[in-house]
Structures are given as C-alpha cells and as structure tokens.
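These are the residues of each chain, in order.
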Amino acid sequence: MGWFAVKLFEETVDRKVVYQGKIVTLRTDIARLENGRMAGREVVEHPGGVCVLPLEENGDTYVVHQFRYPFGVVTQELPAGKLDGPEEHEKAARRELSEEIGCEAGELVYLGGLMASPGFCDEVLHMYLARGLRHGEQHLDEGEFLEVERLPFGELVERVMAGGIADAKTVAITLKVKEFLRREEAGKNE
C-alpha cells in the first residue's frame, strides 16, 4: 500500500484558554467539521522536547531510572527533556545529554520528530542518536532525581520488545536507531 493524499480538515472557529501552567496550557476549541457541524476539542499545548539515545563505540547505551509522578512508578527512559521556550531542539538534545548523563556528543544524528499524543496534545519530541561521546559530570536540574544505567544496546532493544520499557519516546527511538544502524551497516557492505 503506497502513500496517498487525503483532504481532511477542521477549521477552528473559537478558542479559549482554560489553564496556563509552567509546562502546559489547556485550551478548549470549537471546530467546524467538513460536514459543517461544530465539535468541541480539548488541546494541551506543550513546548515540545527531545530524546537522545547515546551510543558508545562498543555498542553500550544509557537509560535513566526516574520516578514518574502521574503513574507513581519508576520508569526506564533514554535521556530526554522539554524545550526551553524557543530553544532549538539540537541545542536541547545536547543540554539534556549533558545534564542527565554527563556526556557531550561529537555527532548528533537527527532521526525526526514524534507526535507524542496527537489526539489531544501538540507536543513534538525530536529524536537524536548521539555518538562520539565524551564523558564529564552529570548536572541535574534542581528537583530532578534519577539513576543512570549503562547497558548493551541489544539489551535495551530486548527490554523494549519484552515490554519492560513502556515509555513511548524510548520505544520509538530505540527501534528507529536499531533500523538506522542496520541500514548503515548494510550500506557499508555494498
């Protein structure tokens, strides 16, 4: 099945901000549908973020273990964070890599954006593969607590596939990097 163009559209006819927080804004919109009817839409505005898969030359990577309040559990995630205002996502990726695991990347490969939950939120997460790592000191944000674990990339893939890692951005970037590396290796063998 190939790509195809679809003409679908909803026109915003009214917008009201219900809540303005430090990270998110909640608004309620009224949209005119293709058939002319009106429908309510609830939208969470988010500045967007980044997620970075740091890859050592020997194939090791890093996950952070962090308590996530909405779920009340400790998750395993790749280094990630939100954009600060109009910050460029590559700059944010470098910042988060340095803050969370104390590394600088000699090379950042952009792997695209991910719509986190497009049914109600406008957040876009920008995904990066980081290579040529140089190690320094971790410097977490105030109020940020996490533990760093180093593991082979293959083990990260296994945790994702077994369901041990449920964080959507970590799942997506892990599988993207796996395919990226496969294609890169196949290109070397041609």
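A. Seen up close, the environment of K7. Mapped onto the fold, K7 is located in the segment before β1 (11-20). The exposed category is assigned to K7, whose relative accessible area is 78%.

B. Quick peek at the nonpolar core. One finds L53, L156 and I173 to be the most contacted residues of the largest nonpolar core, which totals 18 residues. Going through the elements one at a time, β4 (49-54), β8 (103-115), β9 (124-135), α2 (153-162) and α3 (168-188) are the ones with two or more residues in this core. Looking at this core element by element, the count peaks at 4 residues for α2. Aside from chain neighbours lying at most four places away, what touches L53 is T61, L78, Y128, L129, A130, F153, L156, I173, T174 and V177.

C. Here's a closer look at the pairing of β1. Where β1 lies against strand β2 (residues 25-32), 8 bridges are found, and the strand directions are antiparallel. Within the sheet, the bridge partner assigned to E11 lies in β2 and is R32.

D. Quick peek at the state of the cysteines. What the rule picks out here adds up to 0 disulfides. C103 supplies the cysteine sulfur nearest to C51, a cysteine that is in no disulfide, at a spacing of 15 Å. Taking the relative accessible area as the measure of exposure, C103 reaches 1% and is therefore buried.

E. Representation of a nonpolar patch on the surface. Together, V13, I30 and M38 make up a nonpolar patch on the protein surface, roughly 220 Å² of accessible area in all. Its location among the elements puts M38 in strand β3 (residues 38-45). The class for M38 is partly exposed, based on a relative accessible area of 44%.

F. Up close: α2. Listed in full, the buried residues belonging to α2 are F153, L156, V157, R159 and V160. Buried residues of α2, seen end-on, are gathered within an arc of 160° and therefore sit on one face of the element. Along α2, the residues that are exposed and aim more than 90 degrees away from the buried face are E158, M161 and A162. The inward-facing, buried residues of α2 abut β4, β5 (60-68), β6 (73-77), β10 (147-152) and α3. In the stretch just after α2, G163 is the one whose phi turns positive, near 85°.

G. Expanded view of the packing of aromatic side chains. Applying the stated criterion across every chain yields a total of 1 aromatic pair. Taking 5.1 Å as the distance between ring centres and 55° as the angle between the ring planes, the aromatic pair formed by Y110 and Y128 counts as tilted. Placement of the pair is Y110 in strand β8 and Y128 in strand β9, with a sequence separation of 18 residues. For Y110, a relative accessible area of 38% puts it in the partly exposed group. Under the relative-accessibility criterion, Y128 is labelled buried at 2%.

H. Structural context of the sheet that holds β1. Here 3 strands make up an open sheet; going across it, the order is β1-β2-β3 and the pairing antiparallel. Of all strands in the sheet, those with a lone pairing partner are β1 and β3, marking the two edges. Between one strand axis and the next, the sheet turns by 20° as a mean value, whatever way the strands run. Two elements, β2 and β3, share 8 bridges in a ladder whose sense is antiparallel. In the strand pairing of β3, D29 is matched with R41.

I. Spotlight on the side chain of D167. If you trace the backbone, D167 turns up in the loop between α2 and α3. What makes D167 buried here is its relative accessible area of 17%. Here K169 takes part through its side chain, which lies 2.9 Å from a polar atom of the side chain of D167. Polar side-chain contacts of D167 include one of 2.5 Å to the side chain of T170. Beyond its immediate chain neighbours, meaning those up to four positions away, D167 contacts Q76 and E77.

About the cut-offs
Residues numbered from 1 in each chain as written. Predicted model: local features only at pLDDT ≥ 70, side-chain atom pairs only at ≥ 80, totals over all residues. Heavy atoms only, no water. Helix = DSSP H or I, 4+ residues; strand = E, 2+ residues; numbered from the N terminus. Buried < 20%, exposed > 50% of the residue type's maximum accessible area, 1.4 Å probe, protein only. Core = buried A, V, L, I, M, F, W, Y, C linked by side-chain atoms within 4.5 Å. Contact = heavy atoms within 4.5 Å. Pairing = 2+ DSSP bridges. Disulfide = S-S within 2.5 Å. Patch = residues over 30% accessible without salt bridge, like charges linked within 9 Å, V, L, I, M, F, W, Y side chains within 5 Å. Areas by Shrake-Rupley, 256 points an atom, 1.4 Å probe, with all protein chains shown as cover. Salt bridge = Lys/Arg side-chain N within 4 Å of Asp/Glu carboxyl O. Arc of directions from axis to C-beta. Phe/Tyr/Trp six-rings, centres within 6.5 Å; stacked < 30°, edge-to-face > 60°. Axes fitted to C-alpha atoms, helices over the stretch in contact; angles between N-to-C directions. Polar contact = N/O pair within 3.5 Å; in protein donor to acceptor, adjacent residues only side chain to side chain.

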